[in-house]
Amino acid sequence: MVTTERRMDDETTMKQAVRGDDRALAILLRDNYSLLYRYMLKVTMNKAMAEDLVQETMLKAIERIGTFQLRSKFSTWLISIGTRLYMDEMRKKERERRWRNAEQAMQSIRFDAAMRQDEWPEALDALGEMPYEIRVPILLKYYYGYAYEEIAKWLDIPIGTVKSRLHNGLKHLRKELSQ
Amino acid sequence: MRRKNHHDGPKNKRDMETESPIEGSSSEEWEAEQFEQLVGRHLKQWDDSVTPEIPSIQSLEQLAGDQRDRLRGRLWRDLLLFWVVSGMILSGLVLLVQRDLKLFIIVQVVVLMAACLFVVSPVVRREGRGKWTN
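Fair warning: this is a prediction, and the values are worked out from it, not measured in the lab.

> Talk me through the overall build of chain B; I want residue IDs and the actual numbers.
Helix and strand content of chain B: 5 helices and 0 strands. Counting all 134 residues of chain B, 25% fall into the buried class. Counted over contacts in chain B with a minimum sequence separation of 6, partners at least 24 positions apart contribute 43%. Surface summary for chain B: the accessible area is close to 9,800 Å², and the carbon and sulfur share equals 63%.

Spelled out as structure tokens, the structure:
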């Protein structure tokens, strides 16, 4: 009952936001902020880049809210925007060079974990060291549970490529972690 | 928002090293299980430990308002630019008709062909196909 009411509230807020209500849009952005930030952090493995992309995703969402057709959850829409922005950024050679110091970015994340007295597992290092074209579909499929079709659409690649990247990525992870 | 979540830790090395035994949807499930064993629970722990500073509704509302104003400003600037450029092109064409009709026709044919090529080009057709409309 509570879930149904919540869903109706969300739907009403989404409809208001699409009609141009800034407050409704602000509520949706706030409610999904943590999820988006955590997703971008896992995808980029780079705190500074994740923060930049969260901001860019929010600006893009504000710009495009009128085109949101309520066919998916608002969080899914944000994740699709964030994924596309990240892939576009990585495809741009110049920007890629700017973020090339991936090891430094990973060290910063490890440092944050150490400050919180959390253990930084080898598995996350292995995930961070994978090429972004493989890490992104792996997270979207196995961690967030999205369908092959959605992932293929967001990454602008054929479904077969998604499947092979998932298969090879997992094989690589298995190999790395069994050594 | 996670749709799937199994939290079994890695059982043992041999489990990790086994190859996918079956084809199709069972293989998909097997791969998902493998992911959980290898990285899933670590990612979940990391996720739980990350607590971003969430902006207030007021600041997000302000951001939305400012962004809309910026976009509106950009739209007016683009429209103005469009009219200025259109005016210049039209004036140029009128001058050309008055001076040399043959050259005017050649220019028109070349522009028409370029426009047709641009419209049918696969790059244009692919771009923005339902990109932000989910």
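> Can you tell me about the UniProt feature "transmembrane region" (unreviewed entry) in chain B, naming the residues and giving the values?
Under the present numbering, the feature "transmembrane region" (unreviewed entry) in UniProt falls on residues 79-97 and 103-124 of chain B. From the first C-alpha to the last, residues 79-97 of chain B spans 27 Å; its make-up is 100% helix and 0% strand.

> Outline the pattern of salt bridges, listing residues and values.
All told, the structure shown has 11 salt bridges over all chains when counted by the stated rule. Across the pair K42 of chain A and D47 of chain B runs a salt bridge, and its minimum N-O distance is 2.8 Å. Within this pair, whereas K42 of chain A is found in helix 3 (residues 33-44), its partner D47 of chain B is found in helix 2 (residues 25-49), the two belonging to separate chains. With a relative accessible area of 10%, D47 of chain B lands in the buried category.

> Residues and numbers for the interface of chain B and chain A, please.
Between chain B and chain A, the contact holds 49 residues from the first and 65 residues from the second. Surface buried jointly by chain B and chain A totals about 5,400 Å² across both partners, of which 61% is contributed by carbon and sulfur atoms. Across the contact surface, chain B and chain A share 4 salt bridges. The closest approach of N and O atoms between E63 of chain A and R74 of chain B, which form a salt bridge, is 3.8 Å. Our count for the chain B to chain A interface comes out at 9 residue pairs in polar contact (both at pLDDT 80 or more). If you list the elements that add at least two residues to the side of chain B that touches chain A, you get helix 1 (13-17), helix 2 and helix 3 (57-99) of chain B. A total of 16 residues in the side of chain B that touches chain A trace back to one element, the largest contributor, which is helix 2 of chain B. Of the residues belonging to the side of chain B that touches chain A, the class tally is 19 nonpolar, 11 polar and 19 charged.

> Describe the confidence of the model for chain A, and please don't skip the residues or the numbers.
Averaged over all residues, the pLDDT of chain A is 86; the fraction at 70 or higher stands at 89%. When pLDDT is averaged over each element of chain A, helix 3 of chain A comes out on top at 94 and helix 6 (residues 93-98) of chain A at the bottom at 57.

> Residues and numbers for the confidence of the model for chain B, please.
Taken residue by residue, chain B gives an average pLDDT of 79. The fraction at 70 or more is 72%. Predicted confidence in chain B is weakest over helix 1 of chain B, with a mean pLDDT of 39, and strongest over helix 3 of chain B, with 93.

> Describe the packing of helix 8 (residues 122-129) of chain A against helix 11 (residues 159-178) of chain A, listing the residues and the values that go with them.
Residues and elements named next belong to chain A. In contact at an axis separation of 10 Å, helix 8 and helix 11 are set at 135° when each is read in the N-to-C sense. Between helix 8 and helix 11, the interaxial angle falls into the category oblique. Here helix 8 and helix 11 pass one another in a crossing that is right-handed. Contact residues: E122, A123, A126 and L127 in helix 8; L173, E176 and L177 in helix 11. Tallied by class, residues from the contact of helix 8 with helix 11 come to 5 nonpolar, no polar and 2 charged.

> Let's hear about helix 4 (residues 47-64) of chain A: which residues, and what values?
Look at helix 4 of chain A: 25 Å from first C-alpha to last across 18 residues, which is about the 26 Å you get at 1.5 Å a residue. Here helix 4 of chain A has its buried residues at M49, A50, L53, V54, T57, M58, K60, A61 and I62 of chain A. Where helix 4 of chain A is buried, its residues contact helix 2 (22-31), helix 3 and helix 5 (74-91) of chain A together with helix 3 of chain B. N-capping of helix 4 of chain A is provided by N46 of chain A, with a side-chain oxygen placed 3.2 Å from the backbone N of A48 of chain A.

> Break down the environment of R38 of chain A for me, with residues and values.
Topologically, R38 of chain A is positioned in helix 3. Classification of R38 of chain A by relative accessible area gives partly exposed; the value is 23%. Sequence-distant contacts of R38 of chain A, defined by excluding residues within four places in its chain, comprise Y144 of chain A together with D47, V50 and T51 of chain B. Here the side chain of R38 of chain A touches D47 of chain B through a polar contact of 3.0 Å, landing on its backbone oxygen.

Thresholds, definitions, all that
Residues numbered from 1 in each chain as written. Chains lettered and ligands numbered in written order. Predicted model: local features only at pLDDT ≥ 70, side-chain atom pairs only at ≥ 80, totals over all residues. Heavy atoms only, no water. Helix = DSSP H or I, 4+ residues; strand = E, 2+ residues; numbered from the N terminus. Buried < 20%, exposed > 50% of the residue type's maximum accessible area, 1.4 Å probe, protein only. Contact = heavy atoms within 4.5 Å. Areas by Shrake-Rupley, 256 points an atom, 1.4 Å probe, with all protein chains shown as cover. UniProt positions renumbered as here; feature names shortened; annotations may be inferred. Salt bridge = Lys/Arg side-chain N within 4 Å of Asp/Glu carboxyl O. Buried area = accessible area lost by both parts, 1.4 Å probe. Polar contact = N/O pair within 3.5 Å; in protein donor to acceptor, adjacent residues only side chain to side chain. Nonpolar A, V, L, I, M, F, W, Y, C, P; charged D, E, K, R; others polar. pLDDT = per-residue confidence, 0-100. Axes fitted to C-alpha atoms, helices over the stretch in contact; angles between N-to-C directions. Parallel < 35°, antiparallel > 145°, perpendicular 65-115°, else oblique. Left-handed = near helix turned anticlockwise from the far one by under 90°. Expected span 1.5 Å × (residues − 1).

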